[in-house]
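Listed below, chain by chain, are the residues.
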Amino acid sequence: MQRSQSIFERARAVIPGGVNSPVRACRSVGADPVFIASGRGSRVTDADGNEYIDLIGSWGPLILGHAHPEILATIAEVMAAGTTFGAPTEIEVKFAEALRAAVPSMEMVRAVSSGTEATMSALRLARGFTGRARIIKVDGGYHGHADCLLVAAGSGAATLGIPGSAGVPDGAARDTIVVPYNDLASVERAVAADDVAAVIIEPVAGNMGLVAPAAGYLEGLRTLTARHGTVLIFDEVMTGFRVAYGGAQARYRITPDLTTIGKIIGGGLPAAAFGGRADIMQKLAPLGPVYQAGTLSGNPLAMAAGLKAMEILARPGSYERLEQLGQRLGDGLAAAARSAGVPAVMNRVGSMLTLFFCPGPVTDYASAKTADTTRFGAFFRNMRDRGVFLPPSQFEAMFVSLAHTDAEIDQIVDAARTALAD
Ligand SMILES: *Cc1c(COP(=O)(O)O)cnc(C)c1O
């Protein structure tokens, strides 16, 4: 028996579904999980010794590729001085300063350990600040798995075809209003009563597959929320340091009130943060009445890895290079689908992209769901067998890293041309 198979059997006995996060199970693409043994640069090797060009990048964090030597050296150096203290350290201050320099709307920052914690905390803060209970989220938008956000959630929940989740009490979902992405009129109606605490949104949707904001959409959200005293939260856990150094808010020049950010800012270790207007952030304990805490928040290893990642990304040419690579892959995959006669839409912003198997256009979750997920499953398996590891869901984005080469992108496109012809 293959080693992966035997690991998977052991895993299923002790871990529900054999995985610690559901999409990794690869169920929606009719495959078994790929157990990874190691990663380096743009490539990962599985437990059976098969090598793949990786387009998952740990779901976004690894924009520099796997096992980046400078990140590893930084972690080793900081680790020698101890791994956690539960008391503040200077590296947390440097991290907050670097984050504020990159994303100026984050006037004050608090570090946490996951994107879920960041969005959950930002929402509590927005509710505490406004004294209002209701929130607005987008259908197919994913913001982690806090109860009030698992309402028509995308990502894993959408992939598995469960709207919301069992175990979420009606009370937690009742104050969540769900609107279609790219639809300003529905937000306008929902905020009109001046009782909405926050709009939380992925400024570039990445968890229904990649969907870009329509012209004027983010501006419209900014105007509407400002008019009604509603806190605008950009969930940039995926887009932060991805679609631009300063995130989607830099790319589209919109200033939210609060930002949640994660993935890339941990440099491959668990770190996330939320931050924004100082007058709102000062409502947090110990200054204000909104409670929020974390034993491992601001962990020195994660802060150091994240700081190093930010430093490397700030070097000249990083985002131009990511744009080129993203375009090469996006154009190549779109052409491959065309030449195979497969109806497909390529949605791309920078180095995030999704090939939807439908005639399109894909502008929101409803149109994303018209995609042929059976065809996507076959495509995933075919590409995996040709040495390309795609995100195992039609409703996730592929991520290109600075470790990918033009030759590897061409290799992926060649594999896709053959796979789509099959
Ligand atoms: C990944 C993601 C989250 C959740 O982050 P975790 O670290 O997985 O908890 C939240 N929001 C967005 C937009 C994400 O992409």
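Sequence order sets the numbering: in each chain, residues are counted from 1 along the sequence as written. With pLDDT at 70 or above as the cut-off, local features in this predicted model cover only qualifying residues; side-chain atom pairs require 80 or more to be listed or tallied, and sums for whole chains, interfaces and linings still use all residues. Side-chain figures throughout are based on the complete set of non-hydrogen atoms in the structure, without hydrogens or water.

### Details of the pairing of strand E2 (residues 43-46)
Logical step 1: The rule is simple: take the accessible area with a 1.4 Å probe, protein chains only, and divide by the maximum for that residue type; under 20% is buried, over 50% is exposed, in between is partly exposed. Labels follow the DSSP assignment, with helices taken as runs of H or I lasting at least four residues and strands as runs of E lasting at least two, numbered in each case from the N terminus. Every second residue of E2 is oriented toward a common face, the buried set being Val44 and Asp46 and the non-buried set Arg43 and Thr45.
Logical step 2: Two strands are said to pair when DSSP picks up at least two bridges between them. Following strand E1 (residues 36-40), the chain reverses through two residues before pairing antiparallel with E2; Gly41 in that reversal takes a positive phi of roughly 60 degrees.
Logical step 3: Bridge count between E2 and strand E3 (residues 51-54): three bridges; the pairing is antiparallel. Pairing of Val44 across the sheet is with Tyr52, part of E3.

### Quick look at the domain arrangement of the chain
One frequently used descriptor of interface size is the decrease in accessible area upon assembly of the parts.
Logical step 1: For the domain bounds, the source is a domain assignment made automatically or taken from a database. Domain boundaries assigned for the chain yield domain 1 (3-67 + 316-421) and domain 2 (69-313).
Logical step 2: With centres defined by C-alpha atoms, the gap from domain 1 to domain 2 works out at 25 Å.
Logical step 3: Taken together, the contacts link 35 residues of domain 1 with 35 residues of domain 2.
Logical step 4: Buried area, as used here, totals the accessible surface that two parts lose on assembly, with accessibility defined by a 1.4 Å probe and the loss added over both. When domain 1 packs against domain 2, close to 2,800 Å² is buried across both sides, 65% of that on carbon and sulfur atoms.
Logical step 5: Broken down residue by residue, the surface that domain 1 buries against domain 2 is led by Tyr319, Val349 and Tyr365, which jointly contribute 25%.
Logical step 6: Between Lys or Arg on one side and Asp or Glu on the other, a salt bridge is scored when a side-chain nitrogen of the former is within 4 Å of a carboxyl oxygen of the latter. Between domain 1 and domain 2 we count one salt bridge in total.
Logical step 7: The residue Arg251 makes a salt bridge to Glu323 at a minimum N-O spacing of 3.3 Å.
Logical step 8: Any pair of nitrogen or oxygen atoms within 3.5 Å is treated as a polar contact; in protein, a donor-acceptor pairing is required on top of that, and neighbouring residues in sequence qualify only through side-chain atoms on both sides. On the surface where domain 1 and domain 2 come into contact, there are 10 residue pairs in polar contact (both at pLDDT 80 or more).
Logical step 9: Among the elements of the structure, helix H12 (318-340), strand E11 (345-349), strand E12 (352-356) and helix H13 (365-368) are those that each provide at least two residues to the side of domain 1 that touches domain 2. Whether two residues touch is decided by their heavy atoms; if any such pair falls within 4.5 Å, the residues are in contact.

### Observations concerning the site of the ligand
Logical step 1: One heavy atom suffices: a residue is near a molecule or strand as soon as one of its heavy atoms comes within 4 Å of it. If you check the shell around the ligand, you find Ser114, Gly115, Thr116, Tyr142, His143, Gly144, Glu202, Asn207, Asp235, Val237, Met238 and Lys263 and nothing else.
Logical step 2: Between the ligand and the protein, one listed contact pairs an oxygen atom with a backbone N or O atom of Gly115 at 2.8 Å.
Logical step 3: At a separation of 2.7 Å, an oxygen atom of the ligand approaches a polar side-chain atom of Thr116.
Logical step 4: For accessible areas, the Shrake-Rupley method is used with a probe of radius 1.4 Å. Any residue's cover is judged against the shown protein chains and nothing else. Protein chains shield 82% of the accessible area of the ligand, which is 380 Å² for the free molecule.
Logical step 5: Classification used: nonpolar for Ala, Val, Leu, Ile, Met, Phe, Trp, Tyr, Cys and Pro, charged for Asp, Glu, Lys and Arg, polar for all others including Gly. Taken together, the residues that form the shell around the ligand break down as three nonpolar, six polar and three charged.

### Some points on the packing of H12 against helix H15 (residues 406-421)
The angle between the axes and the distance between the axes are what describe a pair of packed helices.
Logical step 1: Relative orientation of the contacting elements H12 and H15 amounts to 20 degrees, with a least axis distance of 9 Å. When the axis of H12 is compared with that of H15, the two are roughly parallel. Here H12 and H15 pass one another in a crossing that is right-handed. Taken together, the residues of H15 that come into contact with H12 (itself represented by Arg321, Leu325, Arg328, Leu329, Gly332, Leu333, Ala336, Ala337, Ser339 and Ala340) are Asp406, Ile409, Asp410, Ile412, Val413, Ala416, Arg417, Leu420 and Ala421.
Logical step 2: Its residues assigned to classes, the contact of H12 with H15 comprises 12 nonpolar, two polar and five charged. The axes used here are C-alpha line fits, helices contributing only the stretch in contact, and every angle between their N-to-C directions lies in the interval 0 to 180 degrees. Note on angle classes: values under 35 degrees are labelled roughly parallel, values over 145 roughly antiparallel, values of 65 to 115 roughly perpendicular, and the remainder oblique. Less than a right angle of anticlockwise turn of the near helix away from the far helix marks a crossing as left-handed, whereas a clockwise turn marks it as right-handed.

### Notes on unusual backbone geometry
Logical step 1: With omega at 10 degrees, the peptide bond leading from Ala285 into Pro286 counts as cis.
Logical step 2: By the element assignment, Pro286 lies in the loop between helix H10 (278-281) and helix H11 (300-313).
Logical step 3: Looking along the chain, the bond that leaves Gly360 and enters Pro361 is cis, with omega of 0 degrees.
Logical step 4: The backbone of Ser58 sits at a positive phi, close to 60 degrees, despite the residue not being glycine.
Logical step 5: Mapped onto the elements, Ser58 comes out in the loop between E3 and helix H2 (69-79).
Logical step 6: Overall, the relative accessible area of 42% leaves Ser58 in the partly exposed class.
Logical step 7: In the Ramachandran plot, Asn182 falls in the positive-phi region, its phi being about 65 degrees despite a non-glycine side chain.

### Some words on H11
Logical step 1: The span expected for a helix works out to 1.5 Å for each residue beyond the first. Between the first and last C-alpha of H11 there are 20 Å, a value that for 14 residues agrees with the 20 Å anticipated at 1.5 Å per step.
Logical step 2: A large share of H11 lies buried, amounting to 13 of its 14 residues.
Logical step 3: Capping the start of H11 is the job of one residue whose side-chain oxygen sits 3.1 Å from the backbone nitrogen of Leu301: Asn299.

### Some words on the sheet that holds E1
Logical step 1: The strand order across the open sheet formed by four strands is E1-E2-E3-E13, and the pairing between neighbours is mixed. The open sheet has two free edges, formed respectively by E1 and strand E13 (388-389), since each of these has just one partner strand.

### Side note on the confidence of the model for the chain
Logical step 1: For the chain, the average pLDDT comes to 95, and 97% of its residues sit at 70 or higher.
Logical step 2: Note on residues 153-163: pLDDT under 50 across the span, and 21 contacts to partners over four residues away in sequence or across chains. Each residue gets a pLDDT score, which is the predictor's confidence in that residue and runs from 0 to 100.

### Observations regarding the pattern of salt bridges
Logical step 1: Taken as a whole and assessed by the stated rule, the structure comprises 17 salt bridges.
Logical step 2: Put simply, Arg321 and Asp406 hold a salt bridge, and the shortest N to O gap is 3.2 Å. Pair noted here: Arg321 is in helix H12 and Asp406 is in helix H15, with a separation of 85 residues, a long-range link.
Logical step 3: By relative accessible area, which is 25% here, Arg321 ends up partly exposed.
Logical step 4: On the accessibility criterion, Asp406 (30% relative accessible area) is partly exposed.

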